[in-house]
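# Per-entry structural report
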Amino acid sequence: QVQLVESGGGLVQPGGSLRLSCAASGSIFNIYAMGWYRQAPGKQRELVATISSGGSTNYADSAKGRFTISRDSAKNTVYLQMDSLKPEDTAVYYCNADGVSALTMIPGDYWGQGTQVTVSS
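Notes on the structure follow. (Residues numbered from 1 in each chain as written. Predicted model: local features only at pLDDT ≥ 70, side-chain atom pairs only at ≥ 80, totals over all residues. Heavy atoms only, no water.)

Attention shifts here to the overall build of the protein chain. Helix and strand counts for the protein chain come out as zero helices and 11 strands. When the elements of the protein chain are put in sequence order from the N terminus, they spell out β-β-β-β-β-β-β-β-β-β-β. Here the C-alpha atoms of the protein chain give a radius of gyration of 14 Å, agreeing with the 14 Å that 2.2 N^0.38 yields for 121 residues. Per-residue burial for the protein chain yields a buried fraction of 40% across its 121 residues. A fraction of 56% describes how many contacts in the protein chain between residues 6 or more apart in sequence connect residues 24 or more apart. When the accessible area of the protein chain is evaluated, it comes to approximately 6,100 Å², of which 49% is carbon and sulfur surface. (Helix = DSSP H or I, 4+ residues; strand = E, 2+ residues; numbered from the N terminus. Rg over C-alpha atoms; globule rule 2.2 N^0.38 Å. Buried < 20%, exposed > 50% of the residue type's maximum accessible area, 1.4 Å probe, protein only. Contact = heavy atoms within 4.5 Å. Areas by Shrake-Rupley, 256 points an atom, 1.4 Å probe, with all protein chains shown as cover.)

Bringing the state of the cysteines into the picture now. Under the defined criterion, the tally for this structure stands at one disulfide. The disulfide partner of Cys 22 is Cys 95, and the S-S distance across this bridge is 2.0 Å. Judged by the torsion about the S-S bond (-80 degrees), the Cys 22/Cys 95 disulfide is left-handed. On the criterion of sequence distance, the pair formed by Cys 22 in strand β3 (residues 18–26) and Cys 95 in strand β9 (residues 91–101) is long-range, its members being 73 residues apart. (Disulfide = S-S within 2.5 Å.)

Attention shifts here to the sheet that holds strand β1 (residues 2–7). Taken in spatial order, the four strands of this open sheet run β1-β3-β8-β7, and their pairing is antiparallel. One side of each edge strand has no neighbouring strand; the edge strands of this open sheet are β1 and β7 (67–72). Looking at each pair of strands side by side, their axes are set apart by 15 degrees on average, direction ignored. Bridge analysis of β1 against β3 gives six bridges, and the strand direction is antiparallel. Across the sheet, the residue bridging to Gln 3 is Ser 25, located in β3. (Pairing = 2+ DSSP bridges. Axes fitted to C-alpha atoms, helices over the stretch in contact; angles between N-to-C directions.)

On to the pattern of salt bridges. A complete count under the given rule lists four salt bridges for this structure. The shortest N-O distance in the salt bridge between Asp 61 and Lys 64 comes to 3.2 Å. Of the two residues examined, Asp 61 and Lys 64, each falls in the exposed class. Overlapping salt bridges, with partners in common, bring together Arg 38, Glu 46, Arg 66 and Asp 89 in one network. (Salt bridge = Lys/Arg side-chain N within 4 Å of Asp/Glu carboxyl O.)

This next bit is on the pairing of strand β8 (residues 77–82). Here β8 lies mainly inside the structure; five of its six residues are buried. Summarising the sheet, β3 and β8 pair through six bridges and their orientation is antiparallel. Bridge assignment links Cys 22 to a residue of β8, and that residue is Val 78. Inspection of the sheet shows β7 paired to β8 by six bridges, in the antiparallel sense. Looking at the pairing, Ser 70 lines up with Tyr 79 of β8. Count of turn residues in the β7/β8 antiparallel hairpin: four residues, of which Asn 76 carries a positive phi of about 50 degrees.

Here's what the structure looks like:
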C-alpha cells in the first residue's frame, strides 16, 4: 500500500517558522493531489492547504499569506512552509494524498500519522 510519513513538527515561538515534510512510499502507482490538514484539541480536522499534481494550490483563509505548500513530484514529497506562526496554529498536522496503489490499482485516500506543531512562548 501507500504510506505517508510526516516530519518537521515541534515547538516554536509566536512569529516563528516551521517547515513540514511528508514523503509517500510503498507500492505507489501514482500520486495525484497532496495536502495538509490539522486538528486542534476539541476541534474537527480542517483543511490547511492542498496542491494538485499540476501544481495548483488551495489554502484555507487562516493559512493564506503565511503558509506555502509545495511538492517534489519526483520524490512523492509535499512540504508546508509555515511563517508568522500564531498560538492558534497549534495542532496535529496531517499529510494527505490521493493516489493509486500499485498493488491494487485502486484509487485511495491516504493519511499520515500526524506531527505535532505547538506555537507558544
